[in-house]
Each structure stands twice: as structure tokens, then as C-alpha cells.
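A look at the structure
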Amino acid sequence: MPAPQDEEHSGVAPPTSLILRSPRSGRLEGRTIGSALEVAAADLTSAGFDEPRRRARRLVAAALGLSVTEVFAYPERPLTDREASRIADMLHRTLAHEPLSRVLGTREFWGLELRLSADTLDPRPETETVVEAVLARVTDRGLRYRILDLGTGSGCLLLALLSELPEATGIGVDRAPGAVAMARDNAVALGLAGRARLLASDWAAAIAGRFDIVVANPPYIATAAIAGLPPEVRDFDPQRALDGGADGLEAYRAIAAALPRLLAPEGLFAAELGAGQDEDVTAILAGTGLAVDGVEDDLAGIARCILARSGP
Ligand SMILES: C[S@@+](CC[C@H](N)C(=O)[O-])C[C@H]1O[C@@H](n2cnc3c(N)ncnc32)[C@H](O)[C@@H]1O
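Position numbers for residues start from 1 in each chain and track the written sequence from start to end. Per-residue local features of the predicted model are confined to residues with pLDDT of at least 70, and side-chain atom pairs are confined, for both listing and counting, to 80 or more; whole-chain, interface and lining totals are unaffected and use all residues. Only hydrogens and water are set aside when side-chain values are computed; all heavy atoms of the structure are taken into account.

1. A word on the overall build of the protein chain
Using the following cut-off: Put simply, DSSP marks the helices as runs of H or I at least four residues long and the strands as runs of E at least two long, and each gets a number from the N terminus on. The reference for a compact globule is 2.2 Å times residues^0.38; the radius of gyration itself is calculated from the C-alpha atoms. Partly exposed residues are those whose accessible area sits between 20% and 50% of the maximum for their type, while under 20% is buried and over 50% is exposed, using a 1.4 Å probe and protein chains only. It only takes one pair of heavy atoms within 4.5 Å for two residues to be counted as in contact. Using a 1.4 Å probe, the Shrake-Rupley method yields the accessible areas, and only the shown protein chains count as cover for residues.
Within the protein chain, the regular secondary structure consists of 14 helices and 9 strands. Relative to its length of 312 residues, the protein chain is compact, with a C-alpha radius of gyration of 22 Å against a globular reference of 20 Å. Oriented by its inertia axes, the alpha-carbon framework of the protein chain measures out at about 70 × 40 × 30 Å. Counting over 312 residues, the protein chain shows a buried share of 48%. Considering only contacts in the protein chain between residues 6 or more positions apart, those separated by 24 or more positions represent 67%. Of the roughly 14,200 Å² that the protein chain leaves accessible, carbon and sulfur atoms contribute 53%.

2. Examining the sheet that holds strand β4 (residues 169-174)
Put simply, the rule is: The pairing criterion is simple: DSSP has to find at least two bridges between the two strands. All axes are obtained by fitting lines to C-alpha atoms, using only the stretch in contact for helices, and the reported angles, taken between N-to-C directions, cover 0 to 180 degrees.
Taken together, 7 strands build an open sheet; the order of strands is β5-β4-β3-β6-β7-β9-β8 and the sheet is mixed. Of all strands in the sheet, those with a lone pairing partner are β5 (196-200) and β8 (291-297), marking the two edges. Adjacent strand axes in the sheet meet at a mean angle of 15° when their direction is disregarded. Judged from the 5 bridges that link them, strand β3 (residues 146-150) and β4 form a sheet pairing that is parallel. Bridged to Ile147 within β4 is Gly170. This element, helix α14 (residues 278-286), spans β7 (263-272), β8 and β9 (303-309) of the sheet and lies at about 15° to β9.

3. Overview of the layout of surface pockets
Rules: Put plainly, a pocket is an open set of points on a 1 Å grid over the protein atoms alone with protein on both sides within 12 Å along at least five of seven lines, a cavity is a set where a 1.4 Å probe fits but cannot get out, and a lining residue has an atom within 4 Å of a point. Grid points are joined across faces, edges and corners, and a volume is the space filled by probe spheres set on the points. Basically, the charged four are Asp, Glu, Lys and Arg, the nonpolar ten are Ala, Val, Leu, Ile, Met, Phe, Trp, Tyr, Cys and Pro, and anything else, Gly included, counts as polar.
Computed from the structure, the largest pocket encloses a volume of approximately 810 Å³. Forming the walls of the largest pocket are 41 residues, and the residues nearest its centre are Pro218, Pro219, Arg240, Ala241 and Leu242. For the lining of the largest pocket, the secondary structure elements donating two or more residues are α9 (156-164), β4, α12 (239-242) and α13 (250-262). Counted by class, the lining of the largest pocket contains 19 nonpolar, 11 polar and 11 charged residues. Forming the boundary of the second largest pocket are 23 residues, of which Arg58, Pro99, Leu100, Ser101 and Arg107 lie nearest the centre. Mapped onto the lining of the second largest pocket, the elements with two or more residues apiece are α4 (52-64), α7 (100-104), β1 (106-109) and α11 (231-234). The dominant element in the lining of the second largest pocket, judged by the number of residues it contributes, is α4, at 4 residues.

4. Re the site of the ligand
How we decide: Consider each residue's heavy atoms; a residue with any of them within 4 Å of a molecule or strand counts as near. Polar contacts, as counted here, are pairs of nitrogen or oxygen atoms within 3.5 Å of one another; within protein the pair requires one atom able to donate a hydrogen and one able to accept it, and residues that are adjacent in sequence qualify only if both atoms are side-chain atoms. The way we define it, a molecule is inside a pocket or cavity when more than half of its atoms are within 2 Å of that pocket's grid points.
Taken together, 17 residues lie near the ligand, and Gly151, Asp174, Asp202, Trp203 and Asn217 sit nearest. Within the backbone of Arg175, a nitrogen or oxygen atom sits 3.1 Å from a nitrogen atom of the ligand. Contact distances for the ligand include 3.4 Å between a nitrogen atom and a backbone N or O atom of Ser201. Protein chains bury 96% of the 590 Å² of accessible surface belonging to the ligand in isolation. More than half of the atoms belonging to the ligand lie within 2 Å of the grid points that define the largest pocket. Taken together, the residues of the shell around the ligand sort by class into 7 nonpolar, 6 polar and 4 charged.

5. Some points on helix α8 (residues 128-137)
Of all the residues in α8, the buried ones are Thr129, Val130, Val131, Ala133, Val134 and Leu135. Where the residues of α8 are buried, they touch β1, α9, β6 (211-216), β7, β8 and β9.

6. Things to note about the side chain of Glu98
With respect to the element layout, Glu98 can be found in the loop between α6 (81-95) and α7. At 2.8 Å, the side chain of Glu98 and the side chain of Arg93 are in polar contact.

7. With respect to the pairing of β8
Successive side chains on a regular strand alternate, one facing one side of the sheet and the next facing the other. Bridge analysis of β8 against β9 gives 6 bridges, and the strand direction is antiparallel. Looking at β9, one finds that Val295 is bridged to Ile306. Joining the antiparallel neighbours β8 and β9 is a turn of 5 residues, in which Gly301 adopts a positive phi near 80°.

If you want it as C-alpha cells, here you go:
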């Protein structure tokens, strides 16, 4: 699915079908920024979205490549047909519950702009808890840490850590080849490809060697709970990124079983937790002989990251 900014940079006029595809676009042609905001907010309100005005402002700003402040500043500015069609298309997709990050094809994580694809989870802000927790335990940012990211998706965890640890190198693995390709593209775009290897693997099956830091944000939703997730998640994040098996803990068990051979002496493991999973995952890790080194809360006060260390 091409990101809107790709269309913008391609120099190719959008096909007429894009304009015709949205029943709303007719109401946007010949309009100004201000009146497009009104149309978008009205549609989002009648479709029952919360904070419709804020959403409308973000959507119009993103469609026009402007900041929200600029959108406020120029309500009288007329829209070109191309801009009207882009706003209409993005509104159409938002009304179908597609998250704005998917519509745009990018997400900011730890200050890094990451591209997304249908094969990658849309990284969540709470996953930054894992990055923070690891960095808080790093004694010297100048050391040559070896990092392994299991289930790398867009590459967000590995790339965030490499961006903070200038001498570190890392491997990111994912079972989905499309995610591996996207993570590799992200590493290149961020200038981190020289220190990052991305490869397809069933967890650590294809990995040899030991690592100072192993991170993971495994799929942790119980299979039966997936149908009840909000459509923004259920219909747009890949199933493989969500499904943690019958009790949501299968990936933790598989990863924990490999940790004794993956972690260097006094190596650190850090994993994201689903809400309420801290005690179960503590028990899984204790079964591998690792010492649990703490559980960190996210900004909502939910136990979000578990840390464990191997022995000396
Ligand atoms: C919850 S997503 C996390 C993605 C990314 N690390 C993030 O935080 O946004 C879990 C990831 O694990 C991958 N995955 C699922 N099963 C796997 C397996 N058996 N081996 C390797 N990766 C797997 C999925 O494809 C998905 O990218």
C-alpha cells in the first residue's frame, strides 16, 4: 500500500480513480483548508470517532505535509484538486478504522521515523519502555554491546538501541520475510545498516553466538481474545504479530528456552509484557535459571517490561 508521501514524491498525478473512490471527495474539491477540516470533523463525528476535531486536524495536516499549527494558521488557503483527493482518500481510510500511521506508512518511535508495511506491527509508544529500561541498565554507552532483537518487526527496538549505543552491533530476526525486508530498509534509511543484520528466523533457530542484550516484544494476545480487539488493531496489525497462542504466553516460553545459550555471562534480557502477564512471565524466566532483574511500568502504570540476567 503506497504511502501518501510516496505519491507526492513520485511526480505522477494521482489516478482519477483515487478521487472517485471516495464518495466524500466531491465535497472537498474547490475548498479551503478550513472547510476541509469542517467536512472531516463532521464525518468523523457522525461515524462516532472520539476527538473528531483533533483527528481531523492531524489528518489534514498529514495529507498536506504541514504541521497542525500551519493548518490552523492558513484556514483560507485553497486546496488543489490533488490535495483534496488526498484528504478524501485519507478520510475514507480513517473512517474504515485504518490507523493514521498505516495510512501514512510511517511511525515515529524513539524519535526515529520508521516505515511500516502490512507485515510489520505498528510500533506502540509503550514499547519505548523496553528501550528505556535497557538503557537504564547499560553501564557505558561506548561499549561494543552485541544485541539480539527477537521478532523485530519494523526493527524499532534494535534500531532505537543502536541509535543510542554508537559502538553496538545487532541482529534482528523475524519469521515474516516482509518484516525483515522492512526492518532492513529502515536500518538503511537511518544510517544504521552497517551495524545491523536483519534475517528471517523462527525465533533464535538461525542464530549462533552470544549476546550482551537480548530484547523482544513477542506476540502476547491470547488467540481467543484477538477477535475482540479494536478494529484498528485486529484488522491492520499482522496476525502473526499479535497471536500469543492459547494463553498468550507461547512466544515467551519459546524465547525463554533459547536464552541460556543466547545470553553472554551477565547478559541482559528485556521483553515487553502484555497487561497482567508479569507474574506468568516471571515464572517462565525463573524456570530457565535467569534472575529476574525488575519489572518496569509504562506511562499508564502497567507492568510493561520484564528484565532478567544470566549468571556470571
Ligand atoms: C508484537 S510484534 C513486535 C514487532 C516489533 N518488535 C515491535 O515492537 O513493534 C511480534 C513480532 O514477532 C514476529 N514473530 C512471530 N512469531 C515469530 C517467530 N516464531 N519467530 C520470529 N519472529 C516471530 C512477528 O512477525 C512480529 O513481527
